[in-house]
Amino acid sequence: MSGTRIASALAGVLLGMALGFVELAFLCVAAPARLIPPLRPAVARGLARLTALERARLSRRLGHGAAPREGGYAFLAARAVFGVTSAYICAATGFLAALLLAGGAWDLLWNEPDHVPLNLPGVRLVTRPGAVGLTAGALLAFVLVVLLVAVAALDRRLAVHFLGPGSEELMRRRIAELTATRSGIVRAVDDERRRIERDLHDGVQQRGVALAMLLGRARHDPGQAAELVGQAYLESRRLLDELRDVAWRVYPTALDELGLRAALDGVAERAGVPVTVHYGLTRRPASEIETAVYFVAREAITNAVKHARAHDILVVLSEDERTVSVTISDDGQGGADPAGGGLSGLARRVLALDGTFTVDSAPGGPTRIAATLPKAPPCE
């Protein structure tokens, strides 16, 4: 944390302590004033202004984003008690620390030397009262710093509890998130279909046309039929290889039959550059998760070889109690665009499964692509 952020957080904590007294005074006045109908609008305005001040303090000083829910009188009451209590404890600790530090320094600088024995278990020390005061003051100063950090943390948690989004807001956000991810997965499926169509049109179809032309020439030119049939045979082999590659890019049968490890080993063998796979999963994930992890790894490896011209690729799969993670690193030229067709499709696929997807690829530097997904899909 930078010095500016520390100073801002400290100012936020001190301002919160001061606001605690203001809020306590407001609540003392507002409690009887709410019983008088003409004063209720003024009390409501005061509540709104104090809540707005708290939002501004939390956002600008403590780094807590303003939340949409109103805290009401319960929030102000909790804030008043917390602010006054924390102010008293911190002020008392700071005053005592300053008193000990000042007294200890005065004793060491101006008073006559006087020795004080300290009998500790197994140890006997002789020191001056000023040294004891300075030590105790330094310890209390450290305690004060810890208290201020704790106050800032508790202040944020208090805001999250009272000002954080309610159940309706959380539901609204979840619905918006599901709507966005559903639209994203539909776009990802459409993009995948377009890519399959391009593979079939530019690869398989062209080789099929070439094969038909060779067979047609052999039919009309019996003198060169043997040579043309031989060329047609080679072209048919290439056509079969192309069909196999297209089918493998659509969905590898090894993923279902042999599992993720075997499927990734197949990707590594086809990559054309050294690919190291560290498989750290103890058991196979759910089918949807396994498929997403496979496509993330495959697309990242393909991009590293095709676009970044990488010479070495590392794939690491790991897990914890709830999630499965895959990280692909390469030593290529970098500059991968997260908004590109391939990576954006992967991001939509991962987000649809309640996962996270990150791309770190500075131009001219290495690339790191990571995805973390829950072990069970959201529908379970």
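Here the structure is a predicted model, which is why all the values come from computation and not from measurement. (Residues numbered from 1 in each chain as written. Predicted model: local features only at pLDDT ≥ 70, side-chain atom pairs only at ≥ 80, totals over all residues. Heavy atoms only, no water.)

Peer 1: Please clarify how the nonpolar core should be interpreted in this entry.
Peer 2: Considering soluble globular proteins, one finds that nonpolar side chains tend to be buried as a cluster. Of all hydrophobic cores here, the largest spans 38 residues; its most connected members are L260, I313, V315, L317, V326, I328 and F357. Only α8 (260-270), β3 (275-279), α9 (287-306), β4 (313-319), β5 (323-330), α10 (341-352) and β7 (367-374) provide two or more residues apiece to this core. The biggest single contributor to this core is α9, with 10 residues. What F357 contacts, discounting residues up to four positions off in sequence, is V296, L343, L346, A347, V350, I369, A370 and A371. (Core = buried A, V, L, I, M, F, W, Y, C linked by side-chain atoms within 4.5 Å. Buried < 20%, exposed > 50% of the residue type's maximum accessible area, 1.4 Å probe, protein only. Helix = DSSP H or I, 4+ residues; strand = E, 2+ residues; numbered from the N terminus. Contact = heavy atoms within 4.5 Å.)

Peer 1: Help me out: how do you make sense of the packing of aromatic side chains in this one?
Peer 2: Each aromatic ring pair is specified by the distance between its two centres and by the angle formed by the two planes. Taken as a whole and judged by the stated rule, the model has one aromatic pair. Between Y294 and F295, the ring centres sit 5.2 Å apart and the planes meet at 75°, which makes this aromatic pair edge-to-face. For Y294, a relative accessible area of 0% translates into the label buried. Of note, R34 hangs over the ring of Y73, and the distance from its end group to the ring centre comes to 4.3 Å. (Phe/Tyr/Trp six-rings, centres within 6.5 Å; stacked < 30°, edge-to-face > 60°. Lys NZ or Arg CZ within 6 Å of the ring centre and 35° of its normal.)

Peer 1: What should I look at first to understand the pattern of salt bridges in this one?
Peer 2: Should the charged atoms of two oppositely charged side chains come close, the side chains can pair. What the rule picks out here adds up to four salt bridges. Its salt-bridge partner being E290, residue R284 comes within 2.7 Å of it at the nearest N-O pair. Classification of E290 as buried rests on a relative accessible area of 3%. Linked by salt bridges that have partners in common, E23, R79 and D155 make up one network. (Salt bridge = Lys/Arg side-chain N within 4 Å of Asp/Glu carboxyl O.)

Peer 1: Hey, could you run me through a nonpolar patch on the surface in this one?
Peer 2: Taken together, the side chains of W106, L108, L109 and W110 present a nonpolar region at the surface, about 520 Å² in accessible area. Mapped onto the elements of the fold, W110 is located in helix α3 (residues 72-110). Here W110 falls in the exposed class, since its relative accessible area comes to 59%. (Patch = residues over 30% accessible without salt bridge, like charges linked within 9 Å, V, L, I, M, F, W, Y side chains within 5 Å. Areas by Shrake-Rupley, 256 points an atom, 1.4 Å probe, with all protein chains shown as cover.)

Peer 1: Even after reading the chapter, I still don't get unusual backbone geometry, so can you show me in this structure?
Peer 2: Trans is the common state for peptide bonds, and a negative phi is the common state for residues other than glycine. Of note in the backbone geometry, R309 takes a positive phi value of approximately 55° without being a glycine. With respect to the secondary-structure elements, R309 resides in the loop between α9 and β4. Residue class for R309 comes out exposed when judged on its relative accessible area of 57%. Look at D354: it is not a glycine, yet its phi comes out positive at around 65°. Along the chain, D354 falls in the loop between α10 and β6 (356-361).

Peer 1: Explanation requested: the sheet that holds β6 in the structure shown.
Peer 2: The strand order across the open sheet formed by five strands is β3-β4-β5-β7-β6, and the pairing between neighbours is mixed. Single-partner strands in this sheet number two, and they are β3 and β6. Strand-to-strand twist of the sheet, defined as the mean angle between neighbouring strand axes without regard to direction, takes the value 10°. Sitting on the sheet, α8 is in contact with β3 and β4, with an inclination near 170° to β3. Across the face of the sheet, α9 comes into contact with β3, β4, β5, β6 and β7 while running at roughly 5° to β5. (Pairing = 2+ DSSP bridges. Axes fitted to C-alpha atoms, helices over the stretch in contact; angles between N-to-C directions.)

Peer 1: Which parts of the structure should I look at to understand the packing of α8 against α9?
Peer 2: How two helices pack is summed up by the angle between their axes together with the distance between the axes. For the pair α8 and α9, interaxial distance at closest approach is 10 Å and the crossing angle is 15°. Overall, the two elements α8 and α9 adopt an arrangement that is roughly parallel. Relative to α9, α8 is oriented so that their crossing is right-handed. In contact with L260, A263, L264 and V267 of α8, α9 contributes E290, V293, Y294, A297, R298 and I301. Its residues assigned to classes, the contact of α8 with α9 comprises eight nonpolar, no polar and two charged. (Parallel < 35°, antiparallel > 145°, perpendicular 65-115°, else oblique. Left-handed = near helix turned anticlockwise from the far one by under 90°. Nonpolar A, V, L, I, M, F, W, Y, C, P; charged D, E, K, R; others polar.)

Peer 1: Is there a simple way to think about the packing of α3 against helix α4 (residues 129-163) in this case?
Peer 2: Running from amino to carboxyl end, α3 crosses α4 at an angle of 165°, the nearest separation of the two axes being 7 Å. Regarding the angle of α3 to α4, the classification is roughly antiparallel. Seen along the crossing, α3 lies across α4 with a hand that is left-handed.

Peer 1: It is not clear to me how the pairing of β3 should be interpreted in this structure. Could you clarify?
Peer 2: Moving residue by residue along a regular strand, the side chains alternate between the two faces of the sheet. As paired strands, β3 and β4 are joined by five bridges and run parallel to one another. Along β4, the bridge assignment pairs H278 with V316. Once the chain exits β3 it traverses α9 before rejoining the sheet at β4, and the crossover so formed is left-handed. (Right-handed = clockwise from strand over helix to strand, strands pointing away.)

Peer 1: Is there a simple way to explain the side chain of S325 in this structure?
Peer 2: Note that S325 resides in strand β5. For S325, a relative accessible area of 16% puts it in the buried group. Within the local environment of S325, its side chain forms a polar contact with the side chain of T372, the two groups lying 3.2 Å apart. Excluding anything up to four places from it in sequence, S325 contacts V316, L317, S318, A371 and T372. (Polar contact = N/O pair within 3.5 Å; in protein donor to acceptor, adjacent residues only side chain to side chain.)

Peer 1: When you look at the pairing of β5 in this model, what are you seeing that I'm missing?
Peer 2: In terms of residue burial, β5 counts as a mostly covered element, since six of its eight residues are buried. In this sheet, β5 lies alongside β4 in antiparallel orientation, the contact comprising seven bridges. Looking at β5, one finds that L317 is bridged to V326. Taking the residues between adjacent antiparallel strands as the criterion, β4 and β5 are bridged by three residues.

The values reported here are purely geometric and, on their own, carry no functional implication.
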